[in-house]
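Listed below, chain by chain, are the residues.
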Amino acid sequence: MRLSGRLINCMRGGREVFSGLDFEASSGQALAVTGPNGSGKTSLLRMIAGLLAPAGGSLDLEGGEAELTLPEQSHYLGHRDAMKPALSVAENLSFWRDFLGGDGADTGQCLASVGLGHATHLPAAYLSAGQRRRLSIARLLAVRRPVWLLDEPTSALDAAGQDLFAGLARDHLARGGIVIAATHAPLGIEAQELRIGGAT
Ligand SMILES: Nc1ncnc2c1ncn2[C@@H]1O[C@H](COP(=O)(O)OP(=O)(O)OP(=O)(O)O)[C@@H](O)[C@H]1O
């Protein structure tokens, strides 16, 4: 499987953010998207996820499921943890599993894998920032998709959480997945750097 972008142009609010961006990531590879604030890292992830149209260029996934689009084969975790505060932790994850077309994955097991086994019945509103991030990461496990698009995946995670994330990402890569992560911090996994904009 190979994900590639060719000559991608990004416009936001009538202003060019970046242009002519090329990148490529094959099965088992991670890309760390780096660059200064406002250089377009989140915008690039959202384009790959199908949430924002490129102003030019093309995005392509070769070797995936022929009948599925690139967004349908991708997970996008934004830096806001999309969850409903009044629902429990388990209900939030079940919502996402069903919404994303999961095939009945055991949410309890996914939550235990991210260290939230003790909090499944708590309202999501009670979670700390790092726990919310762990709940987002559990979505990656509840529904298996080959392309992970992650915006600052380790923000708010403590050292143990960062190790946990790195382990899950390594497993995903070992299974032939692809990780594209926008980050200002080391991801804890081997990754090629895709730099956008000027020096950090
Ligand atoms: N909805 C929008 N309308 C207009 N401009 C926008 C919109 N969303 C983002 N932008 C602008 O697009 C540019 C790129 O934003 P983006 O969030 O992709 O950057 P980033 O590299 O992820 O930044 P950071 O490191 O701060 O997270 C910024 O200048 C931002 O202000």
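Each residue is numbered by its place in its chain's sequence as written, counting from 1. Two thresholds apply to this predicted model, a pLDDT of at least 70 for residue-level local features and 80 or more for giving and counting side-chain atom pairs, whereas whole-chain, interface and lining totals are computed over all residues. Derived side-chain values reflect all non-hydrogen atoms in the structure, with water molecules and hydrogen atoms excluded from consideration.

Draft legend 1. Expanded view of the packing of aromatic side chains. Each Phe, Tyr or Trp ring, with Trp reduced to its six-membered ring, pairs with another whose centre is within 6.5 Å; inter-plane angles below 30 degrees give stacked pairs, above 60 give edge-to-face pairs, and intermediate values give tilted ones. Applying the stated criterion to the full structure yields three aromatic pairs. Measuring from ring centre to ring centre gives 5.7 Å for Phe95 and Phe99, while their planes differ by 15 degrees; the resulting arrangement is stacked. Residue Phe95 and its partner Phe99 are both found in helix 2 (residues 89–99); the two are separated by four residues, about one turn of the helix. Between buried and exposed lies partly exposed: a residue is buried under 20% and exposed over 50% of the maximum accessible area for its type, with that area taken using a 1.4 Å probe on protein chains only. Assessed through its relative accessible area of 56%, Phe99 is described here as exposed. Taking 5.5 Å as the distance between ring centres and 90 degrees as the angle between the ring planes, the aromatic pair formed by Trp96 and Phe99 counts as edge-to-face. Pair noted here: Trp96 and Phe99 are both in helix 2, with a separation of three residues, about one helical turn. On the basis of relative accessibility, which here comes to 17%, the residue Trp96 falls in the buried class. Elements are defined by DSSP. Helices are runs of H or I of four residues or more, strands are runs of E of two residues or more, and each kind is numbered from the N terminus.

Draft legend 2. The arrangement of the nonpolar core in detail. Counting 35 residues, the largest nonpolar core has Leu111, Leu135, Ile137 and Leu150 as its most contacted members. Taken together, the elements giving at least two residues each to this core come down to strand 3 (30–34), helix 2, helix 3 (107–113), helix 4 (129–142), strand 6 (147–151), helix 5 (159–174) and strand 7 (178–182). Considering each element in turn, this core owes the most residues, six residues, to helix 4. Residue contacts follow a heavy-atom distance rule, with two residues in contact if any of their heavy atoms lie within 4.5 Å. The residues contacting Leu135, other than those within four sequence positions of it, are Met83, Val89, Asn92, Leu93, Leu111, Leu116 and Leu127. We call a set of buried residues a nonpolar core when its members are Ala, Val, Leu, Ile, Met, Phe, Trp, Tyr or Cys and they connect through side-chain atoms within 4.5 Å of each other. The next biggest cluster of nonpolar side chains, apart from the first, holds 26 residues, and it includes Cys10, Leu21, Ala25 and Ala182.

Draft legend 3. Region of interest: empty space enclosed by the protein. The definitions used throughout rest on a 1 Å grid laid over the protein atoms alone, on which a cavity is an enclosed set of points accommodating a 1.4 Å probe that cannot get out and a pocket is an open set flanked by protein within 12 Å on both sides along at least five of seven lines; lining residues are those having an atom within 4 Å of a point. Grid points are joined across faces, edges and corners, and a volume is the space filled by probe spheres set on the points. A full pass over the atoms with the stated rule returns one cavity of 30 Å³ or more. Taken as a whole, the largest cavity encloses approximately 40 Å³ of empty space. Looking at the largest cavity, the residues that line it are Ala82, Met83, Asn92, Leu93, Trp96, Leu135, Ser136 and Arg139.

Draft legend 4. Spatial organisation of the pattern of salt bridges. A pair is scored as a salt bridge if a Lys or Arg side-chain nitrogen falls within 4 Å of a carboxyl oxygen belonging to Asp or Glu. Taken as a whole, this structure holds seven salt bridges when the rule is applied. The residue Arg2 makes a salt bridge to Glu24 at a minimum N-O spacing of 3.9 Å. Taken together, the residues Arg2 in strand 1 (residues 2–12) and Glu24 in strand 2 (residues 15–26) connect sequence positions 22 residues apart. Among the ionic pairs, Arg2 bridges to Glu62, the shortest N-O distance being 3.0 Å. With Arg2 in strand 1 and Glu62 in strand 4 (residues 56–62), this residue pair connects regions lying 60 residues apart in the sequence. Given the relative accessible area of 31%, Arg2 is considered partly exposed. Overall, Glu62 belongs to the partly exposed group, its relative accessible area being 36%.

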